[in-house]
Every structure is written in C-alpha cells, then in structure tokens.
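One-letter residues, chain by chain:
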Amino acid sequence: MDFTELHHQNTPLLIANVWDASSAIAAQQAGYQALGTSSAAIAAMLGYEDGEAMSFDELLYIVTRIKSVINLPLSVDVEAGFGKTANEIATHLKRLILLGVVGINLEDSRVINGVRQLDDAMVFASTIKEIRHALATENYPLFFNIRTDTYLLSHEQALQETLLRGRLYEEAGADGLFVPCLTSENDIAIISREINLPLNVMCMPDLPDFDRLKKLGVNRLSMGNFVHSAMQSTFKNVMLTIQSQQSFAGVFVDESSR
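About the criteria used
- Residues numbered from 1 in each chain as written.
- Predicted model: local features only at pLDDT ≥ 70, side-chain atom pairs only at ≥ 80, totals over all residues.
- Heavy atoms only, no water.
- Helix = DSSP H or I, 4+ residues; strand = E, 2+ residues; numbered from the N terminus.
- Expected span 1.5 Å × (residues − 1).
- Contact = heavy atoms within 4.5 Å.
- Buried < 20%, exposed > 50% of the residue type's maximum accessible area, 1.4 Å probe, protein only.
- Pairing = 2+ DSSP bridges.
- Right-handed = clockwise from strand over helix to strand, strands pointing away.
- Axes fitted to C-alpha atoms, helices over the stretch in contact; angles between N-to-C directions.
- Parallel < 35°, antiparallel > 145°, perpendicular 65-115°, else oblique.
- Left-handed = near helix turned anticlockwise from the far one by under 90°.
- Nonpolar A, V, L, I, M, F, W, Y, C, P; charged D, E, K, R; others polar.

As annotated in an unreviewed UniProt entry, the protein chain is 2-methylisocitrate lyase-like PEP mutase family enzyme from Samsonia erythrinae.

This is the structure we're talking about:
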C-alpha cells in the first residue's frame, strides 16, 4: 500500500511525528505505517523557534539522517516552503524527493516579525498550482498535504474560511487538507463532507478519540510536536531530580519498578 492509499484505509492513518533518527527508529519499531517530521520539534531540538528560523539545509540534513535508518514512507513538514517564490520552494521539494521523501506538509501562514499570519488564500492557491506544475514537468511525485491555520490562529469565521481555502487548495492540486487545532465534532464532520480531500487533524487535549474521528470522516491523525514536548518535560524532570537529590538514583526509577 503506497502513501496515498494509506489515506483511504478503513481506519485513519496515524502518523508518527519524529524529529531525529532515534525517534524515527522507535516509531518504526512500534509498528507505525508512516512517519512525518515535526518542524516545531526539529526546530526545538536545534535550538530554534518554530517558523523557518532554521535553514532548509539544516532540515535536509535531519531528513537525510531519518531516511538512512527507516524503510517507512516519510512525509516532511516544510512549513511555508523555505522560499519566497514557487520556484524556490519547488527546488527544495525536488531535493527531498531525491532522498525518497513521499509527502510534504505545506502551510498557508508565515511567521513575520514574530507573529504568525495567514497568507492570502488566492495567492497561496496559485503558489500550490505553480509548485505542482514545476514538479509534474519533471515527473516528481509528491503527496501535498496542505495545512490551513484557520483554527490555529482562531479565525473569526474559522469553519467558513476553512471551507473556502479547502476548495481553493483542492482545485490547485492538494492531495490532503490538514487543519491543526480543529477539534469540534460538528466542524470536523462538515469539513470532511464538504471538501473532497483526505482530512488530517492533530493531537489536541480535547480532540475526540480515534474511533469517533473515524466516524466523523477523518483520514489522517498527526501528533504535532506534543510527543517531543512530553519527552522534553520528562528529561527536564530527570535532570532536576539528579541535581536536587545529588544522586543518579532517579535515572533508574523506571527500571527498578519493573
């Protein structure tokens, strides 16, 4: 089953979001069908803020290391594409495809002067179309999971704006629609019904369980950077415990409790 087919199974595709080679190995060993990078987790690992603060070459290196240790389909979060033009973005995507990457997340917002803002929907749709054309001309296959940040940025008319953007992006050549921070069962059902693209939602505290999401029409589930954040929190607690106890006993708590 190829990456596109994984979005049309009887159950939603649960993507394991990873940030380095070791997390990718762990996810593969845990039996996940496909992996996706988390841009926020990779940025944090490298000491950057999210929002293309790292360079594309730094991202490419991490992707290279991940690809070297797994044999699962890999999708890469390229944020807003790390380029100002469709041609620049397409050039980056070709480099990823040559590594064996099968999909990307491309988002319709950018961080400008520290503030994330939605792009103009028509302009972004045109960019998608141009990138698609540039790749198709040279026969570069790639699954376009297009992310809209209408809910993430708490747009006043989030549902209506998502439907508008979803239709535009579908027409422009998107293969999937990713709506982070979407949790309303009513809105999920409407978007799934109205947009003819596999719907991707993301881990959130109040997101319905997987079985319910399946019934609502969701096709893909992402973890975002939440697993990485949870691990970092655990790491920080272990480091604090060593410091406060002046002992390494806290490192072995889990092993001694088995």
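### Section: helix 3 (residues 56-69)
Look at helix 3: 21 Å from first C-alpha to last across 14 residues, which is about the 20 Å you get at 1.5 Å a residue. In this fold, the buried residues of helix 3 make contact with strand 2 (16-18), helix 1 (21-29), strand 3 (35-37), helix 2 (39-45), strand 4 (74-77) and helix 4 (86-99).

### With respect to the pairing of strand 4
Of the two faces of strand 4, both are covered, the one formed by Leu74 and Val76 as well as the one formed by Ser75 and Asp77. Both strand 3 and strand 4 contribute to a ladder of two bridges, which runs parallel. Bridge pairing in strand 4 links Gly36 to Ser75. Both strand 4 and strand 5 (residues 103-107) contribute to a ladder of three bridges, which runs parallel. Bridge assignment links Val76 to a residue of strand 5, and that residue is Ile104. Between the parallel elements strand 4 and strand 5, the chain passes through helix 4 in a crossover that is right-handed.

### A look at the pairing of strand 8 (residues 143-147)
Within a regular beta strand, the side chains point alternately toward one face of the sheet and then the other, so they alternate between its two faces. In terms of residue burial, strand 8 counts as a mostly covered element, since five of its five residues are buried. Of the two faces of strand 8, the one carrying Phe143, Asn145 and Arg147 and the one carrying Phe144 and Ile146 are both buried. Bridging between strand 5 and strand 8 involves five bridges; their strand directions are parallel. What sits directly across from Gly103, in strand 8, is Phe143. Pairing of strand 8 with strand 9 (residues 176-178) involves three bridges; the strand directions are parallel. Across the sheet, residue Arg147 finds its bridge partner in strand 9, namely Phe178. In this fold, the crossover linking strand 8 to strand 9 by way of helix 6 (residues 158-172) has right-handed handedness.

### Considering the packing of helix 3 against helix 4
Direction vectors running N to C along helix 3 and helix 4 enclose 15°, while the axes themselves pass 10 Å from each other. Here helix 3 is positioned roughly parallel relative to helix 4, judged by the angle of their axes. When the axes of helix 3 and helix 4 are compared, the crossing they make is right-handed. Here Phe56, Asp57, Leu60, Val63, Thr64 and Lys67 of helix 3 lie close against helix 4, whose contacting residues are His92, Arg95, Leu96 and Leu99. The residue makeup of the contact of helix 3 with helix 4, split by class, is five nonpolar, two polar and three charged.

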